[in-house]
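A closer look at the structure
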Amino acid sequence: MATDVRTQKGLGVTLRKDPWWLEPLFYQCLFGGFTVYATWAALNPYGPNGQHYYEWGPYLSPMFSPFFNPAWLHKLPALLATPALLVLWAPAGFRGTCYYYRKAYYRSVFLDPPGCAVGEPCAKYEGETKFFIFQNIHRYFFYVALIFIFILSWDAVLALMWPINGIGPDNGSAEGPKQFGIGVGTLVMALNAYLLGGYTLGCHAFRHLVGGGLDFLRVKKNHPVRFILWRFVTKLNERHMQWALVSMLWVGFTDFYIRMCAMGVWHDFHISLFPFLNSIGHVFGGSN
Amino acid sequence: MGKVHLRVYRGNSEGGQLRDYEVEAEEGMVVLDVIHKIQATQSSDLACRWNCKAGKCGSCSAEINGKPRLMCMTRMNEFKEGEVITVMPMKTFPLMKDLATDVSWNYEVNKKIPPFTPVEGAVWQWEQEDADRVQEFRKCIECFLCQDTCHVLRDHDKMTKFAGPRFFVRTASLEMHPLDALDRTELLKQEHGIGLCNITKCCTEVCPESIHITDNAIIPLKERVVDKYYDPLRILWNKILGK
Amino acid sequence: MSDSYQSFEYDVLVIGAGGAGLRAAIEASAAGCKTGLVCKSLLGKAHTVMAEGGIAAALATVDSRDSWQQHFVDSMIGGNLGNHWRMAQIHAQQAPDRVRELEKWGAVFDRTTDGKGNINVRHFGGHTYKRLAHVGDRTGLELIRTLQDKGVHSGIDVHMECTIYALLKDGDRIAGAYGYFRETGRPVLFKAKSVVVSTGGIGKLFFINSNSWECAGDGFALSYLAGAELCDMEYIQFHPTGMVWPPSVRGILITEGVRGEGGVLKNTKGERFMFKYIPPKYQGKYAETEAEADIWFKKVVIDGVKEDTVTERKPPELMSRDVVARALWNEIKEGRGTEHGGVFLDIATRRSAEDIKKKLPSMYHQFKQLADVDITKVPMETGPTCHYMMGGVKVDPETQMSNVPGLFAAGECAAGMHGSNRLGGNSLSDLVVFGKLAGEHAAIYAKKLKDFPKVDDAQLKGLNKEMNQPFENQNGEVSYKILANLQHIMEKGAGMFREEPTMEQCLKDLEGLKERVKKVTAEGNRMFNPGWHVALDLRNMLAVGEAIVRAAKERKESRGGHTRTDFTGYSKEFAKKRVVVRKKGAGMEVIREDLPQIPKELEEELVNAHMLKPEILKQLRGEA
Ligand SMILES: Cc1cc2nc3c(=O)[nH]c(=O)nc-3n(C[C@H](O)[C@H](O)[C@H](O)COP(=O)(O)OP(=O)(O)OC[C@H]3O[C@@H](n4cnc5c(N)ncnc54)[C@H](O)[C@@H]3O)c2cc1C
Ligand code: SF4
Ligand code: SF4
Ligand code: FES
Ligand code: FES
């Protein structure tokens, strides 16, 4: 029976009546939008006069941190000669192999499946056994991501160090001593580090490594610390999707904020903190 | 209370079609009640499975308006008045008749999982916190809705290569049992094809027992497979330790 | 449509894959017998899966005072001494081992939180101490899944969705069973040296019940028709707390755990009425004022104080089911019930929303999803529902064999263990204790036989004709209609309250149904045809219904699950009798038999240990 609804297969075949296609569409837009922005931002580190768009005073965009700008980079074709190239592989690899993102893009990009109980193109399917077997490397990206939490937190700390001599024409901090201050950008960067921490520490691979890989009893009896850690990671893991999406958007926004300040479109509010501490700040940033 | 309109699949292994039924509604009805009423008053040979009518046995699985669900836990007042509600048998399994499908494949898979085997000299004292993780998996009522919805089985028919979410849950309940002595990682990777799962979580979405199938069973098991087969440092480390 | 049957041979054939059947099959198979297991549903869906509260065993992990003796006494008092004492004793003695064995097979029971991590136990009606090992409120699921997984790995052949229609005999002794596969409708013959029936209960005979469709009393009828004696058929447990609203969920069980966790019963006037209904046998054991009950509740349930150190007594909501069900019924009858014919069961004002969701998750969901009621905010409506059959096939306590050689029975369809009223949690333990014994002795019996008993082909032909009859019948009624009539007739004639005239009428009505059943018509063909299945079940249900009513007429007193408005109170004469029903010619014969009594030494021992009060014995024996 050709019209038997039960045996029909193929893309989009379903009896679901709700707008199931909204979800893949939403993620296509979201991920598509973010990828476009991130690529554009990464490839445009400099303004027309060579001024930096990736920093503004003490602020450094997370897409360019840790900042390296070796000479050989500039031997590459102009389009690729961006310091972001040396950075972005890590978060991209981490997120690209993250269990949550895998779910999201298998569904919305590969339509495998486009929705639950919705038919898909019945092409050859091998799941994560052939091509996608590389996803198993995820935990190594996690190790790298762990370092990134420290780097980005340190960036947020450095974003408290304001140059007394103001901001130079290239948008970097001018030479000279520093003083403690806090700006909206500092908060944006701190929040970025926090969100990234929440996302990274809720990683499934981490959950496995801290305790999940053990058969529990031994965790409780022999590894009280790992048990507590496992519980903590599990708590974060329950909201891994939320952490993943919000932290991703916030990375984009942090870059955007700094870029806007650097372009002079937005004005960053900041105030001096603890004037009495400035002498320390002086010592701290003095060598710069 | 007016009438409700159901469109039920009638057929057998050779094929079938949807048939329309109109039934007098009563307060608080679930879809299974309507099916029973159809049996009692219109088609006494309409085949469907059920036992408990309280979401505890996992017999009455079907696809209601395209969504895999338990008929006994789907209330009629969820639907708009006058809406035509489609009730289909589970798609992934061969049809026996009407709403009853042949789920025997699942029982075959289960047999391949080595049963619980206690460690030698086990002391049967362990903490609730340890039990919690395993108990989540043991809530499974074997409704097979997750199997039905999983695209690896539903669209790609990998019955011979893939055990399906239900049996990852089962394996997890054994693998994570603190007093179990066996290691089923190889089975998971090879015969049960856990690599075929692309963690798209449809199983979790349909599970009537709200078991976090993907997050708590499949992914942790995948990580155990990584430990054993894909993580070079880990493999080296285990070699050094002589494990 | 072919009458050619498929055929299998087993040393031991187990009918029914609930807890009892699975346990029996595991045991028979372990004894080296080729074992077959048949069930009407898929494996793992049997009614046992619905059990919630727990499995009773004197593990003494929480209250060190507990012992098999106390469990034995509680079961006997709960059963109003209607129990076969020896079965109750075996049960109490062996239950702890059976529970620990389940754990070794992979069951994960809730643990104690005293740092030791033993199996945790909870309170249930009629048990002196905390005694029910449990897994949240899904203990039955844990039990059946554990046994199922053990079973499929011990070489048992399982035939799912296969209904046994008749037991076969070779002369006096059992020879096998005949039935049909539900999917194809094709007949199937099982030749067997011994047969264990463990087909569960009879709930579907009553309109308001907590049981699954499988509980149509098949095992009782099959055994009865094969010449086995049934006893205690008048003892039916009506559970006090079934859902009453909306109509489609009427009867579905609200676990006793709700009361165990502190839930209280109130009428529409807001009174906690249970204090009015403490019967003499429980006097002094339960709190007499709300204040006292509340202190106990606070200490034991909320603060987790060890019960042995608490001087207050527990709330009367925790008395045995027969007592609570009658109290409820009385409140409703006297006009203090809700408009839907129930009373209130309130946990919302007693525990925090969080606690309720954690301790009673499936109750929370059941009400939320089925009745749109949030039990953390408002009280539940509840009324009695037919729940459990205490009576059944009369068996030897040590071997579980019936009077038909080679025919064994275990689980809900065997009689004796629970007397006139079953305590909560005593059924799951009954299943594993007596399931094991039945399997063991069925294997011993089978091993003694050299050859398979003979099966009579003419008899099979006759059975084929009977099974086909609904398709031959023209213009009869659909089976569902007769089923609904039957349920109402039973509800009226043999429900919670019984009296001579209504039972007379009930018997007449059942006769009338018999005629209608002869003409029952099935549409379609034999492929997975529920209308036809019910048509065949009706024969069994009518036989069981008749046995219930006849037994109930015979017992002219009130005891436990058998309450007569024309004979209230215990009678001295009936205290020492059990009512036996058996087939005689084409009719049913009812006789009174002596009920074995607790041996004097044991009784004295228990009295001396202050477990058993002589006054209570006297009173239950109708001597007070
Ligand atoms: C809602 C609810 C809650 C309960 N909670 C508890 C509790 O907390 N604690 C407790 O101890 N008890 C509890 N009970 C009681 C207990 O669950 C049952 O008494 C017990 O499960 C019966 O088990 P069984 O093995 O005898 O039969 P069942 O589990 O009823 O199994 C019967 C088996 O026989 C098969 N069968 C029947 N007829 C045929 C036939 N003709 N041919 C082939 N196969 C057949 C069925 O398919 C099924 O596999 C509860 C009962 C209910 C309804
Ligand atoms: S998460 Fe894996 S097992 Fe679950 S439905 Fe998706 S592919 Fe199937
Ligand atoms: S895991 Fe959930 S969906 Fe799958 S069979 Fe078990 S209860 Fe059903
Ligand atoms: S799983 Fe998402 S970060 Fe590792
Ligand atoms: S009938 Fe048991 S889950 Fe629906």
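Definitions and limits used
Residue numbers restart at each chain and count upward from 1, following the sequence in its written direction. Whichever chain is written first becomes A and whichever ligand is written first becomes 1, with later ones labelled in order. Owing to the predicted nature of the model, reporting of local features is limited to residues with pLDDT of at least 70; listing and counting of side-chain atom pairs is limited to 80 or more, with chain, interface and lining totals taken over all residues. Only hydrogens and water are set aside when side-chain values are computed; all heavy atoms of the structure are taken into account. Summary of the metric used: pLDDT quantifies the predictor's per-residue confidence within the range 0 to 100. Residue contacts are defined here by distance: any two heavy atoms, one from each residue, within 4.5 Å place the two residues in contact. Secondary structure elements are defined from DSSP: runs of H or I of at least 4 residues count as helices, runs of E of at least 2 residues count as strands, and each element is numbered from the N terminus. Burial classes: relative accessible area under 20% of the type maximum marks a residue as buried, over 50% as exposed, and values in between as partly exposed (1.4 Å probe, protein chains only). Think of it this way: DSSP has to see at least two bridges between two strands before they count as a pair. Lines fitted to C-alpha atoms define the axes, with helix axes restricted to the stretch in contact, and inter-axis angles between N-to-C directions lie between 0 and 180 degrees. Working definition: a disulfide is two cysteine sulfur atoms within 2.5 Å of each other. The term buried area means the drop in 1.4 Å probe accessible area that two parts suffer when joined, counted for both and summed. The salt bridge criterion pairs a side-chain nitrogen of Lys or Arg with a carboxyl oxygen of Asp or Glu, the two atoms within 4 Å. Any residue that is not Ala, Val, Leu, Ile, Met, Phe, Trp, Tyr, Cys, Pro, Asp, Glu, Lys or Arg is counted as polar, Gly included; the first ten are nonpolar and the last four charged. We call a residue near a molecule or strand as soon as one heavy atom of that residue lies within 4 Å of the molecule or strand. Side-chain atoms alone can form a polar contact between residues adjacent in sequence; in general such a contact is a pair of N or O atoms within 3.5 Å, and within protein one must be able to donate a hydrogen while the other accepts it. Accessibility throughout is a Shrake-Rupley quantity obtained with a 1.4 Å probe, and a residue counts as covered only by protein chains that appear here. As used in this record, nonpolar core signifies buried Ala, Val, Leu, Ile, Met, Phe, Trp, Tyr and Cys residues forming a set joined through side-chain atoms within 4.5 Å. Segment limits for the domains were obtained from an automatic or database-derived domain assignment.

1. Comments concerning the confidence of the model for chain A
The predicted coordinates of low-pLDDT regions are not to be read in fine detail. Confidence in the prediction for chain A averages 90 pLDDT; 92% of positions are at 70 or higher. Here residues 283-288 of chain A scores under 50 on pLDDT; set against residues more than four positions off or in separate chains, the count is eight contacts.

2. Topic: unusual backbone geometry
Residues S65(A) and P66(A) are joined by a peptide bond in cis, for which omega reads 0°. Structurally, the position occupied by P66(A) is in the loop between β2 (59-60) and α2 (85-96). Of the consecutive residues W245(C) and P246(C), the connecting peptide bond is found in the cis state with omega at -5°. Within the element layout of this structure, P246(C) appears in the loop between β11 (236-243) and α6 (257-260). A positive phi angle, near 50°, is found at E142(B), a position not held by glycine. Relative to the helices and strands, E142(B) is located in the loop between α3 (128-138) and α4 (145-149). Accessibility expressed as a relative area gives 3% for E142(B), which makes it buried. Positive phi is not limited to glycine here, since N80(C) has a value of about 55°. Here N80(C) shows up in the loop between α2 (68-78) and α3 (85-104). Assessed through its relative accessible area of 0%, N80(C) is described here as buried.

3. Quick look at the sheet that holds strand β14 (residues 380-389) of chain C
Residues and elements named next belong to chain C. Strand order across the open sheet formed by four strands is β11-β14-β13-β12, with antiparallel pairing between neighbours. Taken across any chain shown, the strands that pair with only one partner, and hence form the sheet edges, are β11 and β12 (264-266). Direction aside, neighbouring strands of the sheet carry axes that sit 45° apart on average. By the bridge criterion, three bridges tie strand β13 (residues 343-346) to β14 in an arrangement that is antiparallel. Among the inter-strand pairings, F344 is bridged to a residue of β14, identified as E381.

4. Quick look at the state of the cysteines
By definition, a disulfide links two cysteine residues through a covalent bond between their sulfur atoms. Counted under the stated rule, the structure contains one disulfide over all chains. Across the disulfide, C116(A) is cross-linked to C202(B) (sulfur-sulfur distance 2.1 Å). Between C116(A) and C202(B), the S-S torsion sits near -90°, and that sign places the bridge as left-handed. You can see C116(A) sitting in the loop between α3 (99-108) and α4 (138-158) and its partner C202(B) sitting in helix α8 (residues 202-206), one on each of two chains. Each member of the pair C116(A) and C202(B) is classed as buried.

5. Considerations on the interface of chain C and chain B
In this complex, chain C contributes 59 residues to the contact, which on the side of chain B involves 58 residues. Among the residues chain C hides against chain B, the three largest losses belong to K45(C), V108(C) and F528(C). Together they make up 12% of the total. Taken together, chain C and chain B are joined by six salt bridges. Contributions of two or more residues to the side of chain C that touches chain B are made by α3, α4 (139-152), α10 (361-371) and α15 (530-554) of chain C. Looking at side-chain class alone, the side of chain C that touches chain B contains 26 nonpolar, 16 polar and 17 charged residues.

6. Points about the environment of E511(C)
Position of E511(C) relative to the elements: it lies in helix α14 (residues 500-518). Measuring from C-alpha to C-alpha, the distance between E511(C) and S248(C) comes to 29 Å, with 263 residues separating the pair along the chain.

7. A few points about the site of ligand 1
All names here are of chain C. Around ligand 1 lies a shell of 39 residues, among which T48, E214, D218, E412 and L428 are the nearest. Within the backbone of K40, an N or O atom sits 2.8 Å from an oxygen atom of ligand 1. Between T48 and ligand 1, the recorded distance is 2.4 Å, taken from a side-chain N or O atom to an oxygen atom. In isolation ligand 1 has 990 Å² of accessible area, and contact with the protein removes 99% of it. Going through the elements one at a time, α1 (19-30), β7 (162-170), β14 and α11 (426-448) are the ones with two or more residues in the shell around ligand 1. Looking at which element gives the most residues to the shell around ligand 1, the answer is α11, with four residues.

8. Considerations on the pairing of strand β2 (residues 15-24) of chain B
In the sheet, strand β1 (residues 3-12) of chain B pairs with β2(B) via ten bridges, with the strands oriented antiparallel. Each residue of the ladder has a partner; that of R7(B), found in β2(B), is D20(B).

9. So, the nonpolar core
Core analysis: the biggest nonpolar cluster contains 257 residues, and M71(B), F72(C), L167(C), I202(C), M490(C) and I548(C) have the highest contact counts within it. Tallying contributions element by element places α15(C) first for this core, with twelve residues. Aside from chain neighbours lying at most four places away, what touches M71(B) is V30(B), V31(B), L32(B), I35(B), C48(B), C60(B), A62(B), I64(B), V87(B) and L99(B). Within the second largest apolar cluster, 29 residues are counted, among which are F31(A), F94(A), F206(A) and F227(A).

10. Some details on the interface of chain B and chain A
If you look at the interface, chain B gives 62 residues, while chain A gives 53 residues. Of the roughly 4,800 Å² buried between chain B and chain A, counting both surfaces, carbon and sulfur atoms make up 52%. Of all residues in chain B, K91(B), R133(B) and E223(B) give up the largest surface area on contact with chain A, accounting jointly for 13% of the area buried on that side. Run the count over chain B and chain A and you get ten salt bridges. Between K17(A) and E83(B) there is a salt bridge, with its nearest N and O atoms 3.5 Å apart. Secondary structure elements with two or more residues in the side of chain B that touches chain A: β2, β4 (67-70), β5 (84-88), α3, α5 (151-154), α8, α9 (213-230) and α10 (232-241) of chain B. Of the residues forming the side of chain B that touches chain A, the biggest block, ten residues, is contributed by α9(B). Counted by class, the side of chain B that touches chain A contains 25 nonpolar, 16 polar and 21 charged residues.

11. Details of the pairing of strand β8 (residues 173-181) of chain C
Taken residue by residue, a regular strand's side chains alternate between the two faces of the sheet. Residues and elements named next belong to chain C. With eight of nine residues buried, β8 lies mostly within the body of the structure. Of the pairings in the sheet, the one linking β7 to β8 comprises eight bridges and is antiparallel in character. By the bridge assignment, C162 is partnered in β8 with F181. Linkage of β7 to β8, two consecutive antiparallel strands, is achieved through a turn of two residues, within which G171 is found at a positive phi near 65°. By the bridge criterion, five bridges tie β8 to strand β9 (residues 187-197) in an arrangement that is antiparallel. Note that in β9 the partner of Y178 across the bridge is L189. Remark: five residues form the turn of the hairpin made by β8 and β9, two consecutive strands paired antiparallel; G185 in that turn has positive phi of roughly 80°.

12. Some details on the domain arrangement of chain C
Residues and elements named next belong to chain C. Considered domain by domain, chain C is made up of domain 1 (6-238 + 387-455), domain 2 (239-385) and domain 3 (470-585). For domain 2 versus domain 3, the distance between C-alpha centres works out to 31 Å. Each partner contributes residues to the interface: domain 2 has five residues there, and domain 3 has five residues. Buried surface at the junction of domain 2 and domain 3, both sides included, amounts to about 460 Å², of which 72% is carbon and sulfur. Interface area lost by domain 2 to domain 3 is led by D322, R326 and W329, which between them contribute 77%. Linking domain 2 to domain 3 there are zero salt bridges. In this assembly, domain 2 and domain 3 are joined by two residue pairs in polar contact (both at pLDDT 80 or more). A per-element tally of the side of domain 2 that touches domain 3 places helix α8 (residues 321-333) first, with four residues. Across the side of domain 2 that touches domain 3, the residue classes tally to three nonpolar, no polar and two charged.

13. What to know about the sheet that holds strand β5 (residues 132-133) of chain C
Taken in spatial order, the three strands of this open sheet run β3-β5-β4 (chain C), and their pairing is antiparallel. Where the open sheet ends on each side, the last strands, each with one partner, are β3 (55-56) and β4 (121-122) of chain C.

14. Topic: the site of ligand 2
Near ligand 2 lie 13 residues; those nearest to it are C150(B), C197(B), T200(B), K201(B) and C203(B). When its residues are assigned to classes, the shell around ligand 2 shows eight nonpolar, four polar and one charged.

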